[in-house]
Amino acid sequence: MRQFDSHRIIIKFPRDGIFSTFDPASSEVLSKFPNLADSVRKKGLTAMSVHLRHDVSVKVDGFGIPFANVGDPVVAGWVNENKPIAGNATLLSVLQRERIDVLVANPVFAIEKEWDESRLPPPFDYGYGNEHSWKLGRYKKLLEETKSKQQFLPAYR
Amino acid sequence: MNPSTKYTTFAKDCAIFAEEAGLSGPVIAAGKTFGAGPWKISARIVVSKARDADPWMGIQLDIPLGDNQERNEQAGFGVRYICKSSPSLPYPFCQRSDICFSNK
């Protein structure tokens, strides 16, 4: 365990539920970041647009967990009272977007390669099947077939 | 499990804007790579390929709990911790019987 000074909220896109586009960032959007390091600017940044299919929704981790920031009531208001962060955007409205546009600090060719659903490993499966009635023979066979040299990693986070 | 599957997580800092489309409006969240600015929430895109877990693609927002959480602690909210990820352990040592004992 270690102290972790952030309240982490994760928006997970559904598998097979998005399509994404990638474009080089415009100089107009880059002008919003006067302190961006030159090295990052030189390599290039990507305007990425993630579109959700209409019949799916994102899965959100970490939303609704108690939050406090005693020293910064503005931040506490964003999370606990859904007050606008800037313009009309609230935390909830961002989580509910059907299209999420982000500026990524990485060039287009690199993002295109990595942000690729077809390169994801298959959904996780313990390999124990769905038939759990007691039958010694089946379990022995299952153990033989699924034996690994490693333990499973802990599933908690 | 397909041995050629790669389990390397990819993450890059990103910035999110107030308007839904077109990177327009004020910045509401941005990762460290973008340098200092008026925003307070950190953001990055993640392609998570951890072993023994469902892989996912998404956006991670980190909202500050403030000043090392000292004031939260004093106010009675407590301090937030996170689990360190542990390395993959070798399969527990098996003795004669079929029962395995973990060496923890």
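Preceding block: the structure.
Presented here is an overview of the structure given in this document. For clarity, every value in this text was computed on a predicted model and none was experimentally measured.

Looking only at helices and strands, chain B has 1 helix and 5 strands in total. Overall, chain B shows an N-to-C arrangement of helices and strands of β-β-β-β-α-β. In chain B, buried positions account for 32% of the 104 residues.

Another point: the overall build of chain A. In terms of regular secondary structure, chain A is built from 6 helices and 6 strands. Secondary structure elements of chain A, listed N to C terminal, follow the sequence β-β-β-α-α-β-β-α-α-β-α-α. By the compact-globule yardstick of 15 Å for 157 residues, chain A is too spread out, its C-alpha radius of gyration being 22 Å. Principal-axis analysis of the C-alpha atoms gives chain A an extent of 65 × 40 × 35 Å. For chain A, with 157 residues in total, the buried portion stands at 20%.

With that out of the way, let us pick up the interface of chain B and chain A. Counting from both sides, the interface comprises 63 residues of chain B and, opposite them, 58 residues of chain A. Taken together, the elements giving at least two residues each to the side of chain B that touches chain A come down to strand E1 (10-17), strand E2 (27-30), strand E3 (42-48), strand E4 (56-64), helix H1 (70-74) and strand E5 (81-82) of chain B. The element contributing the most residues to the side of chain B that touches chain A is E4 of chain B, with 9 residues. Direction of pairing for strand E1 (residues 2-3) of chain A relative to E5 of chain B: antiparallel, over a ladder of 2 bridges. From the neighbouring strand, Arg-2 of chain A faces E5 of chain B, where its bridge partner is Ile-82 of chain B.

Counting buried positions along E4 of chain B yields 8 of 9 residues, so the element is predominantly enclosed. Here strand E2 (residues 6-13) of chain A runs beside E4 of chain B; their pairing, made up of 8 bridges, is antiparallel. Residue pairing across strands places Arg-8 of chain A opposite Asp-62 of chain B, the latter belonging to E4 of chain B. In terms of strand pairing, E3 of chain B meets E4 of chain B through 7 bridges, oriented antiparallel. Within E4 of chain B, the position partnered with Val-47 of chain B by the bridge is Met-57 of chain B.

Residue and element names in this part refer to chain A. Its location among the elements puts Ser-133 in the loop between helix H5 (108-114) and helix H6 (136-146). Here Ser-133 falls in the exposed class, since 5 other C-beta atoms lie within 10 Å of it. For the pair Ser-133 and Leu-45, spaced 88 residues apart in sequence, the C-alpha to C-alpha distance is 54 Å.

Quick look at the environment of Asn-80 of chain A now. Relative to the elements of secondary structure, Asn-80 of chain A occurs in helix H3 (residues 73-80). Judged by C-beta crowding, with 14 C-beta atoms within 10 Å, Asn-80 of chain A ranks as partly exposed.

Residue and element names in this part refer to chain A. Because side chains alternate across E2, one face comprises the buried residues His-7, Ile-9, Ile-11 and Phe-13, and the other comprises Ser-6, Arg-8, Ile-10 and Lys-12, none of which is buried. In this structure, E2 lies alongside strand E5 (residues 59-61), joined through 3 bridges in antiparallel fashion. By the bridge assignment for E5, Ile-11 is matched with Val-60.

Positionally, Glu-81 of chain A belongs in the loop between H3 and helix H4 (91-95). Distance in space between the C-alpha atoms of Glu-81 of chain A and Tyr-126 of chain A is 40 Å, their sequence separation being 45 residues.

Here we take up the nonpolar core. Counting 43 residues, the largest nonpolar core has Val-102 and Val-104 of chain A together with Cys-14, Ala-15, Ile-16 and Ala-43 of chain B as the members making the most contacts within it. Here this core takes 5 residues from E4 of chain B, the largest share from any one element. Setting aside its immediate chain neighbours within four residues, Val-102 of chain A contacts Met-48 of chain A together with Cys-14, Ala-15, Ile-16, Ile-45 and Ile-59 of chain B.

Rules used in this analysis
Residues numbered from 1 in each chain as written. Chains lettered and ligands numbered in written order. Predicted model: local features only at pLDDT ≥ 70, side-chain atom pairs only at ≥ 80, totals over all residues. Helix = DSSP H or I, 4+ residues; strand = E, 2+ residues; numbered from the N terminus. Buried ≥ 20, exposed ≤ 12 C-beta atoms within 10 Å, placed from the backbone. Rg over C-alpha atoms; globule rule 2.2 N^0.38 Å. Contact = placed C-beta atoms within 7 Å. Pairing = 2+ DSSP bridges. Core = buried A, V, L, I, M, F, W, Y, C linked by C-beta atoms within 7 Å.

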